[in-house]
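A look at the structure
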Amino acid sequence: DKNWKGAKSCKLLRGAYHYFSTTSTGLEQAKMFIKTVAADKGDLPPVVDVEERPKNPGRFKEELKIFISKVEEHYGVKPIIYSGKKYKERYLTDKFFENYPIWIAHYYVDSLDIKGNWTMWQCTDKGEIPGIDHDVDINIFNGDLQQLHRLIIK
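Residues numbered from 1 in each chain as written. Predicted model: local features only at pLDDT ≥ 70, side-chain atom pairs only at ≥ 80, totals over all residues. Heavy atoms only, no water.

1. Focus on the pattern of salt bridges
Inclusion rule: Note on definitions: salt bridges are taken to be side-chain nitrogens of Lys or Arg within 4 Å of carboxyl oxygens of Asp or Glu. In this description a helix means any DSSP run of H or I spanning at least four residues, a strand means any run of E spanning at least two, and both kinds are numbered starting from the N terminus. Classification of residues uses two cut-offs on accessible area relative to the type maximum, computed with a 1.4 Å probe and protein chains only: under 20% is buried, over 50% is exposed, and between them is partly exposed.
Per the counting criterion, the structure on display carries eleven salt bridges. In this structure, E89 and K85 form a salt bridge, with 3.0 Å as the shortest nitrogen-oxygen distance. With a gap of four residues between them, E89 and K85 both fall in helix α4 (residues 85-91), about one helical turn apart. For E89, a relative accessible area of 38% corresponds to the partly exposed category. Salt-bridge contacts for K95 lead to E98; the nearest nitrogen and oxygen are separated by 4.0 Å. E98 matches K95 in its accessibility class, with the two residues each being exposed.

Structure (structure tokens):
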């Protein structure tokens, strides 16, 4: 809560992130996210992190679709799907997911080679930022500032 409010007071773009679990329904997770995150106009879209290997890939996709649809309906913006390159290729090939921005984690390569468009690329977990005394993730946005602002909640 402190960081969420502090980011807004400093006029930083801020966004909320949800780690999608395979142990509860998409509807339950969407309700919890919506109850917890009071995103405002000007915030980045919600992000759903999908990386748990599903026991039933078909059921997993349906639950993820429910989560994404409910969150999109509530906030009025398409959520961003965050996943690893191999995970995306294995579990997120459904046409439904092609309509959403994708943020790919794929480290230690010079370029991102995936099928389809990508919005963000987490290219390393070993980045350095002055003032932070440990490694940080570094991400690249596939566009310009105007395109980034098109993603935000209106």
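Don't stop here, the text continues.
2. Quick look at unusual backbone geometry
Positive phi outside glycine occurs at K11, with the angle close to 60 degrees. Considering the arrangement of structural elements, one finds K11 in the loop between α1 (2-9) and β1 (17-19). Non-glycine residue Y108 carries a positive phi angle of around 65 degrees. Summarising the element assignment, Y108 is placed in the loop between β4 (102-105) and β5 (120-127).

3. A word on helix α3 (residues 57-75)
Put simply, the rule is: Expected helix span is given by 1.5 Å per residue-to-residue step, counting one fewer step than there are residues. Whether two residues touch is decided by their heavy atoms; if any such pair falls within 4.5 Å, the residues are in contact.
Across its 19 residues, α3 extends 27 Å between first and last C-alpha, which sits within 8% of the 27 Å expected from 1.5 Å per residue. Restricting attention to buried positions, one finds in α3 the residues F60, K61, E63, L64, K65, F67, I68, V71 and Y75. On its buried face, α3 is in contact with β1, α2 (26-36), β2 (47-49), β3 (80-84) and α4.

4. Side note on the pairing of β3
To keep things clear, this is the line we draw: Two strands qualify as a pair provided DSSP detects at least 2 bridges between them. With the strands pointing away from the viewer, any crossover whose connection runs clockwise from the first strand over the helix to the second is right-handed.
Counting buried positions along β3 yields four of five residues, so the element is predominantly enclosed. Sheet topology places β2 next to β3; three bridges connect them, and they run parallel. Looking at the pairing, V47 lines up with I80 of β3. Taking the sense of rotation as the criterion, the β-α-β connection linking β2, α3 and β3 turns out right-handed. Bridging between β3 and β4 involves four bridges; their strand directions are parallel. Directly across from S83, in β4, lies its bridge partner I104. The handedness of the β3 to β4 crossover, carried by α4, is right-handed.

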